[in-house]
Amino acid sequence: MTITRLRLGVNIDHVATIRNARGGDHPDPVRAAEIVAACGGDGITAHLREDRRHIRDEDLARIQAATSLPLNLEMSATEEMLAIALRHSPHAACIVPERREERTTEGGLDAAGQHNRLYPMVQRLGEAGIRVSLFIAPDERQIEAALRLGAPVVELHTGEYAHAEGEARVAELRRLADMAALAAKNGIEPHAGHGLTYDNVQPVAAIPQLAELNIGHYLIGEAIFCGLEPAVLKMRELMDAARP
Ligand code: PXP
C-alpha cells in the first residue's frame, strides 16, 4: 500500500534551547507550536530530556493547550518519563535512547537488547491510548524487536543517511527504504527523522511506506533567517514534490 500524504511533525525543542540560554521565557516554544499549526504542520514533536536542557515539564501542557495538533512526546525509557507521559497523555510517545553527555539523540534505541525493560513500558503507554513509537536504526533486528514489543510505530533514525556521502549515502537510503517496507509489511507504521534538511529530505520523503517525518534542528535554524512559517512551508513543498 502506498501512503500518499506524508505528515510533517515539527520538533520545536530548539526554540526552547534559545529560550533557556537566557533563562527567561522568550522565545516561547508555544508560539512556535501555534505557527506550525497555523501553517499546516501535522504535529508537534518535543523531547523532554532528563536534564531538561530544552523543553521543560510545564511546556508540555502549554503546548497541548495552545494547539489541537497531535503532540509526539519523545522520551527516554524511565519510570519518571513514563509517569509524565501518562499524566499528559500525548497523542504519541516516541521512546528514544538518551545519554546525558550527548549533544543530540545520536543513535537508535536498542529495542532488541532491551526487550524486558521496554515491554512493560510499551504496554502501559498503549493501554493509556498513547501511540508508541520506537526510535530505532534502520536495522532488521530492531524491526523484529519492535514487532515482538507490539509497538504500532517505529521511527527510523536518518542520522547515518544524513551524514553519509556518495555511495555510503545511497546504501543508507536503501537501508531506510528496505526497513520502511519491512515495517509496513508487518503492520508497523514507519516514520523517519533526524538530521533532515532541504537538501537531503526528498529521497527519504519519496520512500512510499513512510507516514511521517519529524524534523527539528534544521527548520528552527532556517527560521532564524526566514521565519518559521516559510521554513515549514518550504519543507512541506519539498516533501510533496518528492511524492507525486
Ligand atoms: N526524531 C527523533 C526521535 C529525534 O530524537 C529527533 C531529534 O531530537 C528528531 C526526530 C529531529 O531531529 P533533527 O532535530 O535533527 O531534525
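Here, every reference points to the structure presented above.
Just so you know, these numbers come straight off a predicted model, no measurement behind them. Residue indices begin from 1 for each chain and proceed along its sequence in written order. Restriction of local features to residues with pLDDT of at least 70 applies here, the model being predicted, together with a cutoff of 80 or more for giving and counting side-chain atom pairs; totals for whole chains, interfaces and linings are based on all residues. Think of the side-chain values as coming from all heavy atoms in the structure, minus any hydrogens and water.

(A) Focus on helix α10 (residues 217-226). Among the residues of α10, those classed as buried are L219, I220, E222 and A223. Axial view of α10: buried residues confined to an arc of 160°, hence all on one face. Among the exposed residues of α10, those oriented more than 90 degrees off its buried face are H217, I224 and F225. For α10, the elements touching its buried residues are β1 (7-11), α1 (13-22), β8 (212-215) and α11 (228-242). Numbered from the N terminus, helices here are DSSP runs of H or I no shorter than four residues, and strands are runs of E no shorter than two. Backbone geometry just downstream of α10 places G227 in the positive-phi region, at approximately 95°. Accessibility here uses a 1.4 Å probe with only protein chains present; expressed as a share of the type maximum, an area under 20% marks a residue as buried, one over 50% as exposed, and anything in between as partly exposed. The arc in question is traced by the directions running from the helix axis to the C-beta atoms. Contact definition: two residues touch when any of their heavy atoms are within 4.5 Å.

(B) Focus on unusual backbone geometry. H26 connects to P27 through a cis peptide bond whose omega is -5°. By the secondary structure assignment, P27 is in the loop between α1 and α2 (29-38). At R52, a position not held by glycine, the phi torsion is positive, near 55°. Along the chain, the position of R52 falls in the loop between β2 (43-47) and α3 (57-66). In the Ramachandran plot, S89 falls in the positive-phi region, its phi being about 50° despite a non-glycine side chain. Relative to the elements of secondary structure, S89 occurs in the loop between α4 (79-88) and β4 (92-95).

(C) Here's a closer look at the pairing of strand β6 (residues 153-157). Burial analysis of β6 places five of its five residues in the buried class, which makes it a mostly covered element. The sheet contact formed by strand β5 (residues 131-136) and β6 spans four bridges and is parallel. Counted as the bridge partner of L134 is V154 from β6. Regarding topology, helix α6 (residues 140-149) serves as the crossover connection from β5 to the parallel β6, and that connection is right-handed. Note: two strands are recorded as paired if DSSP finds a minimum of 2 bridges between them. Inspection of the sheet shows β6 paired to strand β7 (residues 189-193) by five bridges, in the parallel sense. Bridge assignment links V153 to a residue of β7, and that residue is E189. The definition of a right-handed crossover adopted here requires that, viewed with the strands pointing away, the path from the first strand over the helix to the second runs clockwise.

(D) Molecular detail of the site of the ligand. Any residue with a non-hydrogen atom lying within 4 Å of a molecule or strand is treated as near it. Surrounding the ligand, one finds 13 residues, the nearest of these being E74, E155, G195, G216 and H217. Any pair of N or O atoms that falls within 3.5 Å is considered a polar contact. Within protein, one atom must be able to donate a hydrogen and the other to accept it, and sequence-neighbouring residues count only if both atoms are side-chain atoms. Within the contact set of the ligand, an oxygen atom lies 2.8 Å away from a backbone nitrogen or oxygen of G195. Only the protein chains shown count as covering a residue, and every accessible area follows the Shrake-Rupley method with a 1.4 Å probe. Contact with the protein chains covers 95% of the free accessible surface of the ligand, which is 390 Å². Classifying every residue of the shell around the ligand by side-chain character gives four nonpolar, seven polar and two charged. Basically, the charged four are Asp, Glu, Lys and Arg, the nonpolar ten are Ala, Val, Leu, Ile, Met, Phe, Trp, Tyr, Cys and Pro, and anything else, Gly included, counts as polar.

(E) Spatial organisation of the pairing of strand β3 (residues 71-75). Among the five residues in β3, five count as buried, and that is most of the element. In β3, alternate side chains face the same way, and those of L71, L73 and M75 on one face and N72 and E74 on the other are all buried. Bridge analysis of β2 against β3 gives four bridges, and the strand direction is parallel. Residue pairing in the sheet places H47 in a bridge with E74 of β3. Crossover handedness for the path β2 to α3 to β3: right-handed. Note: β3 against β4, four bridges, orientation parallel. Bridging from a neighbouring strand, L73 pairs with A93 of β4. Taken together, β3, α4 and β4 form a β-α-β motif whose crossover is right-handed.

(F) Summary view of the nonpolar core. Within the largest apolar cluster, 73 residues are counted, with the highest numbers of intra-cluster contacts made by I95, L125, L134, L156 and L213. With seven residues, the single largest contributor to this core is α11. With sequence-adjacent residues up to four places away left out, I95 is seen in contact with M75, S76, A77, L109, L118, M121, V122, L125, V132, S133, L134 and F135. Buried Ala, Val, Leu, Ile, Met, Phe, Trp, Tyr and Cys residues that are joined via side-chain atoms within 4.5 Å together make up what is termed a nonpolar core.

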